[in-house]
Amino acid sequence: KPFLLDAVEALSKQQSGWGDSQRLESEAPALAQAMQTVDRVLEAHRRTGDRDGLEKYFEALERLCANICSRLRLSKERADSPVYEKLVSSCSMIMIASGTDEGVSKSQQLLRQYMWKSPGIAQAQLCTELLQSRGLGDSGLAVGAPADGPGMRAFVEALAKSSHASV
């Protein structure tokens with residue numbers, strides 16, 4: 001997995017490929033590439049269960065989000081806003097998946113700083129709802145999370161579909 005860390009590090013310092021930052025209808029190729037790379041980190045974690053290895057990504061993920069925000073005029077109206085929401089929520093999930101108090105704290109800070117209110121995609125909605133819940137327990141799972149929010153409903157529906165598909 002060292003190549004994934006190198007890829008996240010490189011993207012966190014990337015200066016080109018961000019497209020036209022002033023046009024809402026434009027798309028930033030580097031944003032899509034960053035999202036794919038972060039999702040590969042999550043997938044590698046799912047396959048290996050390596051929690052300890054996730055902590056080394058924290059600094060690069062924070063820098064990546066800061067770099068994106070400094071290069072693009074982000075808003076929900078941008079054509080690629082769902083890509084941005086998925087990227088930030090995936091970065092947050094990596095931090096939580098580390099299973100550490102520092103990971104939970106950094107995840108909450110990242111979402112507060114880089115995620116706008118009422119994101120449009122289910123993954124980002126769920127992450128935001130967990131942040132807004134009464135708190136995250138030791139395992140990184142929400143304690144008393146609101147069960148009626150759109151993200152939580154989407155999550156429960158996805159679980160139901162996957163359990164029916166495996167029967």
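### Observations concerning the overall build of the protein
Scanning the protein for helices and strands turns up seven helices and zero strands. In the protein, the order of α-helices and β-strands from amino to carboxyl end is α-α-α-α-α-α-α. Here the protein holds 167 residues, and 46% of them are scored as buried. Restricting to contacts in the protein with at least 6 residues of sequence separation, those with at least 24 account for 66%.

### Section: the nonpolar core
Residues Leu31, Leu61, Ile68, Leu87 and Val88 are the most contacted members of the largest nonpolar core, which totals 38 residues. Those elements that place two or more of their residues in this core are helix H1 (2-12), helix H2 (29-48), helix H3 (58-71), helix H4 (81-97), helix H5 (101-114) and helix H6 (122-132). Tallying contributions element by element places H2 first for this core, with eight residues. Those residues in contact with Leu87, other than ones at most four positions away along the chain, are Leu31, Ala34, Met35, Val38, Leu64 and Ile68.

### Side note on the pattern of salt bridges
If you walk through the whole model with that rule in mind, you get seven salt bridges. With a closest N to O distance of 3.2 Å, Glu62 and Lys106 form a salt bridge. A residue pair is termed long-range when its members are at least 10 positions apart, and Glu62 in helix H3 and Lys106 in helix H5 qualify at 44 residues. On the basis of relative accessibility, which here comes to 19%, the residue Lys106 falls in the buried class. Here Asp80 and Arg78 are joined by a salt bridge, their closest N and O atoms 2.8 Å apart.

### Quick look at the packing of H2 against H4
Two elements in contact, H2 and H4, have axes whose closest approach is 9 Å; the angle formed by their N-to-C orientations is 30 degrees. With respect to H4, the axis of H2 lies roughly parallel. In the packing of H2 onto H4, the handedness of the crossing is left-handed. Residue-level inspection shows Leu31, Ala32, Ala34, Met35, Val38, Asp39, Val41, Leu42, His45 and Arg46 of H2 in contact with H4, the latter providing Val83, Tyr84, Lys86, Leu87, Ser90, Cys91, Met93, Ile94 and Ala97. Of the residues contributing to the contact of H2 with H4, the split by class is 14 nonpolar, two polar and three charged.

### Some points on H3
Taking 1.5 Å as the rise per residue, H3 with 14 residues should run 20 Å; its terminal C-alpha atoms sit 20 Å apart, in good agreement. Those residues of H3 hidden inside the fold are in contact with H1, H2, H4 and H5.

### Overview of the packing of H1 against H3
The contact between H1 and H3 brings their axes to 8 Å, and the two run at 30 degrees. Taken together, the axes of H1 and H3 lie roughly parallel to each other. Between H1 and H3 lies a crossing whose hand is left-handed. On H3, the residues touching Val8, Glu9, Leu11 and Ser12 of H1 are Ala60, Leu61, Arg63, Leu64 and Asn67. Partitioning the contact of H1 with H3 into residue classes produces five nonpolar, two polar and two charged.

### Points about unusual backbone geometry
Residues other than glycine seldom take positive phi values, yet Ser118 does so here, at roughly 55 degrees. Ser118 sits in the exposed class, given a relative accessible area of 56%.

### Quick word on H4
End to end, H4 covers 24 Å across 17 residues, agreeing with the expected 24 Å (1.5 Å per residue, within 8%). Residue Gly99 follows H4 closely and has a positive phi angle near 75 degrees.

### Digging into the confidence of the model for the protein
Predicted confidence across the protein gives a mean pLDDT of 80, with 74% of residues reaching 70 or more. Taken as a whole, residues 136-147 scores under 50 in pLDDT and shows 28 contacts with residues more than four places along the chain or in a different chain. In the predicted structure, residues 162-167 sits below a pLDDT of 50 and forms zero contacts with residues beyond four places in sequence or in another chain.

Cut-offs applied
Residues numbered from 1 in each chain as written. Predicted model: local features only at pLDDT ≥ 70, side-chain atom pairs only at ≥ 80, totals over all residues. Heavy atoms only, no water. Helix = DSSP H or I, 4+ residues; strand = E, 2+ residues; numbered from the N terminus. Buried < 20%, exposed > 50% of the residue type's maximum accessible area, 1.4 Å probe, protein only. Contact = heavy atoms within 4.5 Å. Core = buried A, V, L, I, M, F, W, Y, C linked by side-chain atoms within 4.5 Å. Salt bridge = Lys/Arg side-chain N within 4 Å of Asp/Glu carboxyl O. Axes fitted to C-alpha atoms, helices over the stretch in contact; angles between N-to-C directions. Parallel < 35°, antiparallel > 145°, perpendicular 65-115°, else oblique. Left-handed = near helix turned anticlockwise from the far one by under 90°. Nonpolar A, V, L, I, M, F, W, Y, C, P; charged D, E, K, R; others polar. Expected span 1.5 Å × (residues − 1). pLDDT = per-residue confidence, 0-100.

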